[in-house]
Amino acid sequence: MSRISLFIILAIAGIGFLPQRLTAQEVLFDAQAYHPIAGSGTTAPGAIAWNALDTPPPAFNAFYLVDSSSVTSGGITASITGILGTWTGNTAFIVSQRPLENDYFVVASGATATMTISGLVPGAEYYLVYYHGRAEPGQYRQLAFAEDGQVFGRADNQSAGGSGNVTYSFSFADEAGQITIEMTGSGAEGDFAGFSIELRTPPPATWAGYTIVDGSLIDTTPLMGWLNIASAPWLYSYSLNKWIYGDESTFGEGGAWLYVPN
């Protein structure tokens, strides 16, 4: 087996699991105090429990001071810093009826919490839905959601139909496979109940940093124009009308080390 063939197999293996999982269905994280509480489930059906506490709290209708929390499942890690604490919900019955939205992490009014999602495919586009808690509808609470300081949506607790407590984004994972979201509280506070994530568009396949077209072609213009990489490291140059030898690792910004037979 050639080295390039092995590289392709490893590349497919490295990016295949997570996108396949996320295209099958969304992955939902339920931000909560702890699961379970007093024998009554607080995690939304099908969701991953994102616990802020290490042990079950003794009662409902209680607030607990924590400033950060993280959870890892299926290779995805969600972590949050800058929260004021976590709320356990009003009663076991209410939480069990709407477990996603009735226990949550609290962001102080005027404060900004930062959530980082890691373990994603670098450069891939994701569809994310963010949920605000719906407790205490008579007391206005809101979160503004932003990336790089640019607000893309707001969610609050005063929409009985649910549309007001949900917002979404289409976000690209950076080169480290991360997405970072800032959440700023307003009103009395902001209540972060959880989020879902789903792969939307995987990044294009590349070779030596060039996008692969039709499975085997790359455009290196102005370096050497179009090359066929199907038999790499032996490459076919259309501008020279001959085979050349060039390993992927020898290509660099603005040039490459290549062997051109006579």
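See the structure shown above.
Enquirer: How should the sheet that holds strand 18 (residues 226–228) be read in this particular structure?
Expert: Sheet strands pair by backbone hydrogen bonding; their relative direction is either parallel or antiparallel. Read across the open sheet, the four strands follow the order 17-18-19-20; overall the sheet is antiparallel. Only two strands of the sheet have a single neighbouring strand rather than two, namely strand 17 (217–219) and strand 20 (242–245). Going across the sheet, the axis of each strand differs from the next one's by a mean of 35 degrees, ignoring polarity.

Enquirer: Is there a simple way to think about the pattern of salt bridges in this case?
Expert: Overall, the coordinates contain five salt bridges when judged by the stated rule. With a closest N to O distance of 3.2 Å, Glu-189 and Arg-141 form a salt bridge. Linking Glu-189 in strand 14 (residues 189–201) with Arg-141 in strand 10 (residues 141–147), this pair joins segments that are 48 residues apart in sequence. Like Arg-141, Glu-189 is buried. Salt bridges here are not isolated pairs; linked through shared partners, they connect Arg-98, Glu-101 and Arg-134.

Enquirer: Looking at this structure, I do not really get the nonpolar core. What am I missing?
Expert: Generally speaking, a soluble globular protein has its nonpolar side chains buried in company with each other. Trp-50, Met-115, Tyr-126, Phe-192 and Phe-195 are the most contacted members of the largest nonpolar core, which has 37 residues in total. The element best represented in this core is strand 14, accounting for four residues. With 11 residues, the next largest nonpolar core counts Leu-28, Val-129, Tyr-131 and Ala-193 among its residues.

Enquirer: Any chance you could explain the packing of aromatic side chains here in plain terms?
Expert: Each aromatic ring pair is summarised here by two numbers: the centre-to-centre distance and the angle between the ring planes. What the rule picks out here adds up to 16 aromatic pairs. Both rings, one in Phe-105 and one in Phe-192, keep their centres 6.5 Å apart while their planes meet at 50 degrees; by these two values the pair is tilted. One end of the pair, Phe-105, is in strand 7 (residues 104–108); the other, Phe-192, is in strand 14, and 87 residues separate them in sequence. Classification of Phe-105 by relative accessible area gives buried; the value is 0%. Ring geometry for Tyr-127 against Tyr-168: centres 5.9 Å apart, planes inclined by 50 degrees, an arrangement best described as tilted. A residue pair is termed long-range when its members are at least 10 positions apart, and Tyr-127 in strand 9 (residues 125–132) and Tyr-168 in strand 12 (residues 166–172) qualify at 41 residues. When its relative accessible area of 28% is taken as the criterion, Tyr-127 is described as partly exposed. Residue Tyr-168 is classed as partly exposed on the basis of its relative accessible area, which comes to 48%.

Enquirer: Sorry, what's going on with unusual backbone geometry here?
Expert: Peptide bonds are trans in most cases, and residues, glycine excluded, mostly fall at negative phi. Look at the link from His-35 to Pro-36: it is a cis peptide, with omega at -5 degrees. Mapping Pro-36 onto the fold places it in the loop between strand 1 (27–32) and strand 2 (48–51). In the segment running from Ala-232 into Pro-233, the intervening peptide bond is cis, with an omega of 15 degrees. Take Pro-233: it is sitting in the loop between strand 18 and strand 19 (234–237). Located in the positive-phi region is Glu-136, a residue other than glycine, with phi close to 50 degrees. One non-glycine residue, Asp-148, lies in positive phi territory at about 55 degrees. Looking at the secondary structure, you find Asp-148 in the loop between strand 10 and strand 11 (150–156).

Procedures and definitions
Within each chain, residues carry numbers counting from 1 in the order of the written sequence. Only residues with pLDDT of at least 70 get local features here, since the model is predicted, and only at 80 or more are side-chain atom pairs given and counted; chain-wide, interface and lining totals rely on the full set of residues. Think of the side-chain values as coming from all heavy atoms in the structure, minus any hydrogens and water. One bridge is not enough; two strands pair if DSSP finds at least two bridges between them. Only DSSP runs of H or I with at least four residues qualify as helices, and only runs of E with at least two residues qualify as strands; both kinds are numbered from the N terminus onward. Between the N-to-C directions of two axes lies an angle of 0 to 180 degrees, each axis being a line fitted to C-alpha atoms and, for a helix, fitted only over the stretch in contact. What counts as a salt bridge is simple: a side-chain nitrogen of Lys or Arg found within 4 Å of a carboxyl oxygen of Asp or Glu. Remark: exposure states derive from per-residue accessible area (1.4 Å probe, protein chains only) relative to the maximum for the residue type, with buried under 20%, exposed over 50%, and partly exposed in between. By nonpolar core we mean a set of buried residues, namely Ala, Val, Leu, Ile, Met, Phe, Trp, Tyr and Cys, connected to one another through side-chain atoms within 4.5 Å. When the centres of two rings from Phe, Tyr and Trp lie within 6.5 Å, Trp using its six-membered ring, the rings pair. Their planes under 30 degrees apart give stacked, over 60 give edge-to-face, and anything left gives tilted.

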